[in-house]
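# Observations on chain architecture
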Amino acid sequence: MAKTKELSKDTRNKIVDLHQVGKTESAIGKQLGLKKSTVGAIIRKWKTYKTTDNLPRSGAPRKISPRGVKMITRTVSKNPRTTRGDLVNDLQRAGTKVTKPTISNTLRRQGLKSCSARRVPLLKPVHVQARLKFAREHLDDPDEDWENVIWSDETKIELFGKNSTRRVWRTKNAELHPKNTIPTVKHGGGNIMLWGCFSAKGPGRLIRVKERMNGAMYREILSENLLPSARALKMKRGWVFQHDNDPKHTARATKEWLRKKHFKVLEWPSQSPDLNPIENLWRELKVRVAQRQPQNITALEEICMEEWAKIPATVCENLVK
């Protein structure tokens with residue numbers, strides 16, 4: 001038998017109000033579009049219990065006592081990386097034997113669910129202040145400003161990469177709380193290194209960096225690829241170039257080269273790769289490449305170039321928005 005939809009509290013109260021002014025069950029049902037039996041049941045409940053609220057329903061008693069619920073909720077609030085196995089053991093020591101699914105169900109009723117911990121940059125107070133200052137300065141920038149930015153970055157792509165995850169217990173919208181994240185730091189290495197750029201109009205150039213990059217090589221990459229990308233993307237006059245605060249990017253020689261070329265550069269807070277939409281584009285590229293399962297470095301490079309070129313402009317536009 002199909003489950004009927006529960007009446008809202010307002011509807012239940014309206015039934016009682018109409019009953020109190022002398023209307024019959026049939027008349028109330030016709031007025032509200034309800035069955036007479038439904039109207040009668042609501043009125044009987046009100047006469048018996050003086051309420052139209054849902055009454056406690058019978059069912060199996062909870063395995064975990066209210067005290068036990070408080071204990072495990074307090075434990076995961078203090079340490080979100082606590083595992084279900086840890087909580088099972090804690091309760092067993094307290095005299096309550098439960099399974100891992102029971103732990104999950106209990107915490108879910110408390111508004112907590114197991115999620116993968118987000119990886120975020122390891123931030124010092126100075127980084128936090130710089131990021132906040134950047135956000136406040138650009139909070140009201142119109143979409144057109146961001147559409148006129150060329151975003152750039154380097155990334156490494158492994159031939160057989162592994163992504164490790166850690167799960168944490170958290171409430172909704174708390175994924176970026178420091179307790180619920182995994183700090184990451186930059187590190188070298190990887191099978192191939194790429195430099196790329198894009199704007200809201202689509203992907204720009206993508207090149208493989210075959211040697212260890214220094215300031216001179218970085219300037220050479222920009223010289224050969226930045227302006228051609230801007231032309232291919234048909235950037236508007238006064239377009240802005242974005243790169244992070246890597247020492248190669250902020251070297252005096254690089255700054256001077258950018259100044260002489262009259263490139264306008266977006267001031268960027270340190271340790272803020274998560275603010276750069278190209279990070280999402282790298283993710284898109286890596287997923288596409290992994291699906292093709294390259295078997296050697298040559299194939300990996302070729303597939304990266306092919307898949308980069310296939311990324312639709314709409315994906316780029318949405319990331320910038």
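Residues numbered from 1 in each chain as written. Predicted model: local features only at pLDDT ≥ 70, side-chain atom pairs only at ≥ 80, totals over all residues. Heavy atoms only, no water.

Looking now at the overall build of the protein chain. Broken down by element type, the protein chain carries 14 helices and nine strands. Against the globule reference of 20 Å for 321 residues, the protein chain gives a C-alpha radius of gyration of 30 Å, more extended than a compact globule. Based on the C-alpha atoms only, the size of the protein chain along its principal axes is roughly 85 × 55 × 45 Å. When burial is assessed residue by residue, the protein chain has 36% of its 321 residues classed as buried. Within the protein chain, contacts between residues at least 6 apart in sequence are counted, and of these 71% link residues at least 24 apart. A total accessible area of about 20,900 Å² is found for the protein chain, and carbon and sulfur atoms account for 50% of it. Averaged over its 65 positive side-chain charges, the protein chain has a centre that lies 11 Å from the centre of its 33 negative ones. (Helix = DSSP H or I, 4+ residues; strand = E, 2+ residues; numbered from the N terminus. Rg over C-alpha atoms; globule rule 2.2 N^0.38 Å. Buried < 20%, exposed > 50% of the residue type's maximum accessible area, 1.4 Å probe, protein only. Contact = heavy atoms within 4.5 Å. Areas by Shrake-Rupley, 256 points an atom, 1.4 Å probe, with all protein chains shown as cover. Lys, Arg positive; Asp, Glu negative; His and termini not counted. Charge placed at Lys NZ, Arg CZ, Asp CG, Glu CD.)

Evaluated as defined, the whole model comprises 15 salt bridges. The residue Glu307 makes a salt bridge to Arg288 at a minimum N-O spacing of 3.6 Å. One end of the pair, Glu307, is in helix H13 (residues 297-310); the other, Arg288, is in helix H12 (residues 278-292), with 19 residues separating them in the sequence. For Glu307, a relative accessible area of 6% corresponds to the buried category. Connected through salt bridges with shared partners, the residues Glu284, Arg288, Arg292, Glu306, Glu307 and Lys310 form a single ionic network. (Salt bridge = Lys/Arg side-chain N within 4 Å of Asp/Glu carboxyl O.)

The next subject is a positive patch on the surface. Taken together, the side chains of Arg84, Lys100, Arg108, Lys113, Arg167 and Lys172 present a region of like positive charge at the surface. Tracing the chain through its elements places Arg167 in strand S4 (residues 167-170). By relative accessible area, which is 48% here, Arg167 ends up partly exposed. (Patch = residues over 30% accessible without salt bridge, like charges linked within 9 Å, V, L, I, M, F, W, Y side chains within 5 Å.)

Secondary-structure assignment places Ser272 in the loop between strand S9 (264-265) and H12. Among the residues examined, Ser272 registers a relative accessible area of 3% and is labelled buried. Sequence spacing of Ser272 and Arg131 is 141 residues, and the spatial spacing of their C-alpha atoms is 7.4 Å. At 3.2 Å, the side chain of Ser272 forms a polar contact with the side chain of Arg131. (Polar contact = N/O pair within 3.5 Å; in protein donor to acceptor, adjacent residues only side chain to side chain.)

As a further point, take the domain arrangement of the protein chain. By the assigned domains, the protein chain splits into domain 1 (9-49), domain 2 (66-110) and domain 3 (141-161 + 189-320). Between the C-alpha centres of domain 1 and domain 2 the distance comes to 43 Å. (Domains from an automatic or database assignment.)

One non-glycine residue, Lys234, lies in the positive phi region at around 55°. Positionally, Lys234 belongs in the loop between helix H9 (215-232) and strand S8 (240-242). Positive phi, close to 50°, is recorded for Gln293, a residue that is not glycine. If you trace the backbone, Gln293 turns up in the loop between H12 and H13. The exposure class assigned to Gln293 is exposed, which follows from its relative accessible area of 58%.

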